[in-house]
Amino acid sequence: MNPCEHIRSHIFERFNKKDAEKNLSALCYSLLSAQLKKWEALEKTYKSLQNIMTRNIRCTGFSVLLQYNPERITSSLAGTGNSNENEHSCFLCLHNLPERQQGILYQDVFLILCNPAPVLPFHFTVAHVNHYRQDIMAHMDTFLALIADFGSQWTVLYNGPRCGASAPHHLHFQVIPSGKTPIEKEIREKERLTIVKQKKGVIFYKVSKLEREIMVIEGNDSIAIADALNEYMATLKKYLPADEEPMINIAGFFEEKRWRLIVFPRKKHRPQAFFQEGDRRVVVSPAILEMLGLIITPMKKDFEKLDAKTIEAIYNEVSLKKILPYNYVQPSKRT
Ligand SMILES: [Zn+2]
């Protein structure tokens, strides 16, 4: 099959911004419904979602939701190095997609696909049709367009290639419904917020008492938001000996025609406990969902054993803290 035929066989619909009847949400609901009917493996993993267990843990000043989800073991153990370095072994490359997997063609070069190992009843992966490495700044326009086109009911997620992307060599985003992660409520509590910078209609603010370093970037102009993230990334680069993208995870929201990016700068991908042996090992691999407070544990013993102290220690260990020269401006009055 030539590359064009490969793409055609995997297209369920094309997203056209001008077709108001078929907005992106509606198309994704149709896609999932159709895929569940004709792709048995997906139907099976969606059924297994009924068996996942959750547990709320109250930490100091914040909460997390643990999810026991054995289907996520592959993702939790995924290598961050060369796991899908070449196209032959890459599970997001078109020629490796399951025959029955189809998606919505977005901007002619992305396919919105049902994630075959969902953590929530709606969980999509947006993959480029070509094998390009994860690189947020090179694809910021698409990231912001996706956030706006999905709208306020959805959250678009990005994992850096060295801190959580299960396919670091293939450009992709994830999409989940909004309102499902603990941090979304916590970052609205105005006593936690401090504005650190305002520029060209963009506000940068920090969120305190969550044990994680967080920079929120908010504004209604996509070019100014992209510039702001670029500036923030450049700042991170100054402090890190990185010749590639600084380690970050980002969640993007769209409310009242404003973008809100929650950015987590990272010091390391996995905590020390991940590399221990036997009972001391904790299989938690913090990526964007975990940074948002939804902690996936594919092992039952971790689900049962994890406590507030261990979770706070993990956040402290993997977050890049207190090095950023963003000056205090004024207390936030935003809600
Ligand atoms: Zn690929």
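## Comments concerning the overall build of the protein chain
Piece 1. Looking only at helices and strands, the protein chain has ten helices and 15 strands in total.
Piece 2. Relative to a compact globule of 335 residues, whose C-alpha radius of gyration would be 20 Å, the protein chain shows 19 Å and is just as compact.
Piece 3. For the C-alpha atoms alone, the extent of the protein chain along its principal axes is close to 55 × 50 × 35 Å.
Piece 4. Intrachain contacts of the protein chain at a sequence separation of at least 6 include 67% that bridge at least 24 residues.
Piece 5. Approximately 15,400 Å² of the protein chain is accessible, and the part contributed by carbon and sulfur atoms is 50%.
Piece 6. Of the charged side chains in the protein chain, 45 are positive and 37 negative, and the gap between their average positions amounts to 5 Å.

## A few points about the pairing of strand β8 (residues 172-177)
Piece 1. Among the six residues of β8, six are classified as buried, and the element is accordingly described as predominantly covered.
Piece 2. Alternating residues of β8 divide into His 172, Gln 174 and Ile 176 and Phe 173, Val 175 and Pro 177, and every residue in both groups is buried.
Piece 3. Taken together, the four bridges between strand β6 (residues 124-128) and β8 define a ladder with antiparallel strand orientation. In the strand pairing of β8, Ala 127 is matched with His 172.

## Comments concerning the nonpolar core
Piece 1. Judged by nonpolar contacts, the single largest core of 51 residues is most densely connected at Ile 112, Ile 136, Phe 143, Ile 217 and Leu 261.
Piece 2. It is helix α7 (residues 222-239) that contributes the most residues to this core, eight residues altogether.
Piece 3. Discounting chain neighbours no more than four positions away, the residues touching Phe 143 are Ile 136, Val 156, Leu 157, Tyr 158, Phe 173, Ile 250, Gly 252 and Leu 261.
Piece 4. Counting 39 residues, the second-largest nonpolar core is a separate cluster that includes Ile 195, Phe 264, Met 291 and Leu 294.

## Here we look at unusual backbone geometry
Piece 1. A positive phi angle, close to 45°, is found at Glu 256, a residue other than glycine.
Piece 2. Inspection of the secondary structure puts Glu 256 in the loop between β12 (248-255) and β13 (258-265).
Piece 3. By relative accessible area, Glu 256 is classed as exposed at 77%.
Piece 4. If you check the backbone angles, Lys 257 has positive phi at about 60° while not being a glycine.
Piece 5. Tracing the sequence through the fold places Lys 257 in the loop between β12 and β13.

## Some details on the coordination of the zinc ion
Note on metal geometry: ideal angles are 109.5 degrees for four donors arranged tetrahedrally and 90 or 180 degrees for six donors arranged octahedrally.
Piece 1. For the zinc ion, the full set of protein donor atoms is Cys 90 (SG), Cys 93 (SG), His 131 (ND1) and His 170 (ND1), at a range of 2.1 to 2.3 Å.
Piece 2. In this structure, the zinc ion is surrounded by four donor atoms whose angles at the metal cover 99 to 119°, and the resulting shape is tetrahedral.
Piece 3. Going along the chain, you hit the donors of the zinc ion in the pattern C-x2-C-x37-H-x38-H. Of this pair, Cys 93 sits in the loop between α4 (73-77) and β4 (103-106) while His 170 sits in the loop between β7 (154-159) and β8, placing them 77 residues apart in sequence. Neither Cys 93 nor His 170 differs from the other in exposure class; each is buried.

## What about the confidence of the model for the protein chain?
Piece 1. Here the protein chain averages 90 in pLDDT, while 93% of its residues score no lower than 70.
Piece 2. Per-residue pLDDT stays below 50 along residues 327-335; that stretch engages in 24 contacts with residues further than four places along the chain or on separate chains.

## Points about helix α10 (residues 308-318)
Piece 1. Burial in α10 covers these residues: Ile 311, Glu 312, Ile 314, Tyr 315 and Val 318. All buried residues of α10 fall inside an arc of 160° around its axis, so they share one side.
Piece 2. For α10, the secondary structure elements touched by its buried residues are β2 (53-58), β3 (63-68), α8 (288-291) and β14 (294-297).

## Concerning the pairing of β7
Piece 1. Extensive coverage of β7 is indicated by the burial of six of its six residues.
Piece 2. Burial of the side chains of β7 extends over both faces: Trp 154, Val 156 and Tyr 158 are buried on one face and Thr 155, Leu 157 and Asn 159 on the other.
Piece 3. Pairing geometry for β7 and β8, over four bridges, is antiparallel. Each bridged residue has a counterpart across the sheet, and for Thr 155 the counterpart in β8 is Ile 176.

What counts as what
Residues numbered from 1 in each chain as written. Predicted model: local features only at pLDDT ≥ 70, side-chain atom pairs only at ≥ 80, totals over all residues. Heavy atoms only, no water. Helix = DSSP H or I, 4+ residues; strand = E, 2+ residues; numbered from the N terminus. Rg over C-alpha atoms; globule rule 2.2 N^0.38 Å. Contact = heavy atoms within 4.5 Å. Areas by Shrake-Rupley, 256 points an atom, 1.4 Å probe, with all protein chains shown as cover. Lys, Arg positive; Asp, Glu negative; His and termini not counted. Charge placed at Lys NZ, Arg CZ, Asp CG, Glu CD. Buried < 20%, exposed > 50% of the residue type's maximum accessible area, 1.4 Å probe, protein only. Pairing = 2+ DSSP bridges. Core = buried A, V, L, I, M, F, W, Y, C linked by side-chain atoms within 4.5 Å. Donors = N, O, S within 2.8 Å, 3.2 Å for Na, K, Ca; no water. Tetrahedral: all angles 85-135°; square planar, octahedral: opposite > 155°, others 65-115°. pLDDT = per-residue confidence, 0-100. Arc of directions from axis to C-beta.

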